[in-house]
Amino acid sequence: MTRPDNAKIAITGATGRIGGRIARRVAAAGAAQRMAVPRPDRAPQLPGATTARCAYGDRDAARALEGIEVLFMISAPESPDRLSRHLSFVDAAAEAGVRHVVYLSFFGAAPDAVFTLARDHWATEEHIRDSGLSFTFLRDNLYADFMPALVGQDGVIRGPAGEGRAAVVAQDDIADAATQVLLNATGHEGRTYDMTGPRSLSMAEIAAILSETTGRSITYQPETVEDAYRSRASYGAPDWQVDAWVSTYTAIAAGQLDGVSDDVPRLTGHAATPLADVVP
């Protein structure tokens, strides 16, 4: 830890897109916080914030969380051992005496979810439940901010999503909701919230919105599952990663990312942000 603090809130992932947004909002609310991050030198400089070196899977992680009452736990970067690192970190939080964990999970997390990584989120949720820690789960849909990254250089989104839909959600909305929960954790104990945008969109509709907002001609071209694996083989990614990429689309096709929740407006006090207002 860089210096003693009186923080009761800890934020993981404060050097990233979601955690950084939350850290800035917590600071703006005037609350003390500890940013628990692998690289404290990369953490934002914020009023009322201190830093502590903390990496998932480290045996010293509990030390970085001592004195913390409410912990925001973002999911670790995708890797073959991500689940084991999640479970280890939950154990560290319990060892440190953390009272409440706010975990950023995934929409439709379940042991048999089509999206492979949603199964890891479900297992993490279950471990948090079994740990005895108080909890709130924020299950985010696909990030609206990420939709432009699905577009190939030729202006085509390709994937086996069929005519399925996803209620893509803005990262700013997730941060707004998470901040409200962190600042009033006792009011959200044992709750699971679905973080969605205001509409469920097909991939063709997403392509049309991206076309309108960017001025490019963007289309959606459905693939078969077999074609999806073949088209991604050139990246040289490990099998588990390719499975995750492809199952993002097959989960959409299966209807597992469809459905609009009112949890974002109820938590934040404002309407969920449409995709057109998120992308440049």
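Residues numbered from 1 in each chain as written. Predicted model: local features only at pLDDT ≥ 70, side-chain atom pairs only at ≥ 80, totals over all residues. Heavy atoms only, no water.

K.L.:
So what's going on with the packing of helix α3 (residues 82-96) against helix α4 (residues 116-131)? Which residues, and what values?
P.N.:
Where α3 meets α4, the axes come as close as 10 Å, and the angle between the chain directions of the two elements is 20°. On the basis of their axis angle, the class for α3 and α4 is roughly parallel. α4 is crossed by α3, and the crossing has right-handed handedness. Contacts between α3 and α4 involve Arg82, Leu83, His86, Leu87, Val90 and Asp91 on the former and, on the latter, Leu117, Asp120, His121, Ala123, Thr124, His127, Ile128 and Ser131. For the contact of α3 with α4, the residue count by class is six nonpolar, five polar and three charged. (Axes fitted to C-alpha atoms, helices over the stretch in contact; angles between N-to-C directions. Helix = DSSP H or I, 4+ residues; strand = E, 2+ residues; numbered from the N terminus. Parallel < 35°, antiparallel > 145°, perpendicular 65-115°, else oblique. Left-handed = near helix turned anticlockwise from the far one by under 90°. Contact = heavy atoms within 4.5 Å. Nonpolar A, V, L, I, M, F, W, Y, C, P; charged D, E, K, R; others polar.)

K.L.:
Give me the sheet that holds strand β5 (residues 100-106): which residues, what numbers.
P.N.:
As summarised here, the arrangement of the seven strands in space is β3-β2-β1-β4-β5-β6-β9, forming an open sheet in which the pairing is parallel. In this open sheet, the two edge strands, each paired with only one partner strand, are β3 (49-53) and β9 (191-195). Across this sheet, the average inter-strand angle for adjacent strands is 20°, counted without regard to direction. The pairing of strand β6 (residues 134-140) with β9 spans five bridges and is classified as parallel. Of the residues in β9, the one forming a bridge with Phe137 is Thr192. Sheet strands touched by α3: β1 (9-12), β4 (70-73) and β5. Its angle to β4, the strand with the most contacts, is close to 170°. (Pairing = 2+ DSSP bridges.)

K.L.:
Can you tell me about α3, naming the residues and giving the values?
P.N.:
The end-to-end C-alpha separation of α3 is 21 Å, in line with the 21 Å expected for 15 residues at 1.5 Å each. When we look at burial in α3, the residues that qualify are Arg82, His86, Phe89, Val90, Ala92, Ala93 and Ala96. Taken around the axis of α3, the buried residues stretch over an arc of 160°, which confines them to a single face. As for α3, its buried residues are in contact with β1, α2 (61-64), β4, β5 and α4. Two residues or fewer after α3 comes Gly97, characterised by a positive phi angle close to 90°. (Expected span 1.5 Å × (residues − 1). Buried < 20%, exposed > 50% of the residue type's maximum accessible area, 1.4 Å probe, protein only. Arc of directions from axis to C-beta.)

K.L.:
Give me helix α6 (residues 203-214): which residues, what numbers.
P.N.:
Look at α6: 16 Å from first C-alpha to last across twelve residues, which is about the 16 Å you get at 1.5 Å a residue. Against β7 (156-159), β10 (201-202), β11 (219-222) and α8 (239-253) lie the buried residues of α6.

K.L.:
Describe the packing of aromatic side chains, naming the residues involved and giving the relevant values.
P.N.:
Here the distance between the centres and the angle between the planes together describe a pair of aromatic rings. Scanning the entire structure with this criterion turns up five aromatic pairs. Residues Tyr56 and Phe89 carry aromatic rings whose centres are separated by 4.2 Å and whose planes lie at 25° to one another, so their mutual orientation is stacked. Here the residue Tyr56 occupies a position in the loop between β3 and α2, and Phe89 occupies one in helix α3, the gap between them amounting to 33 residues. Geometrically, the ring pair formed by Phe135 and Phe137 is stacked, given 4.4 Å between the ring centres and 15° between the ring planes. Relative accessible area serves as the criterion here: at 11%, Phe135 is assigned to the buried category. On the basis of relative accessible area, Phe137 is assigned to the buried category, the value being 0%. Three or more aromatic residues link up through ring pairs in this structure, and these residues are Tyr103, Phe135 and Phe137. (Phe/Tyr/Trp six-rings, centres within 6.5 Å; stacked < 30°, edge-to-face > 60°.)

K.L.:
How would you explain the side chain of His121 if you had to name every residue and give the values?
P.N.:
Relative to the helices and strands, His121 is located in helix α4. The class for His121 is buried, based on a relative accessible area of 6%. Once you skip the residues sitting within four places of it in the chain, His121 turns out to touch Ser75, Arg82, Tyr103, Leu104, Ser105, Phe106 and Ala109.

K.L.:
A description of the pattern of salt bridges should follow, citing residues and the corresponding values.
P.N.:
Using the criterion set out here, one finds 18 salt bridges in the structure. Glu205 is paired through a salt bridge with Arg165; the nearest N and O atoms lie 2.6 Å apart. Here Glu205, found in helix α6, pairs with Arg165, found in strand β8 (residues 165-166); they are 40 residues apart in sequence, far enough to count as distant. For Glu205, a relative accessible area of 25% puts it in the partly exposed group. Since its relative accessible area comes to 29%, Arg165 is described here as partly exposed. Between Glu205 and Arg199 there is a salt bridge whose closest N-O contact spans 3.9 Å. Exposure remark for Arg199: the relative accessible area of 47% places this residue in the partly exposed category. Where salt bridges share partners, they join Arg21, Arg25, Asp145, Asp172 and Asp176 into one cluster. (Salt bridge = Lys/Arg side-chain N within 4 Å of Asp/Glu carboxyl O.)

K.L.:
Could you give an account of the packing of helix α1 (residues 17-28) against helix α5 (residues 171-183), with specific residues and numbers?
P.N.:
In the contact formed by α1 and α5, the axes pass within 9 Å of each other and the chain directions differ by 50°. If you check the angle between α1 and α5, you find them oblique. Between α1 and α5 lies a crossing whose hand is right-handed. Residues Arg17, Ile18, Arg21, Ile22, Arg25 and Val26 of α1 form the contact with α5, whose participating residues are Gln171, Asp172, Ile174, Ala175, Asp176, Ala178, Thr179 and Leu182. Within the contact of α1 with α5, the residues separate by chemical class into seven nonpolar, two polar and five charged.

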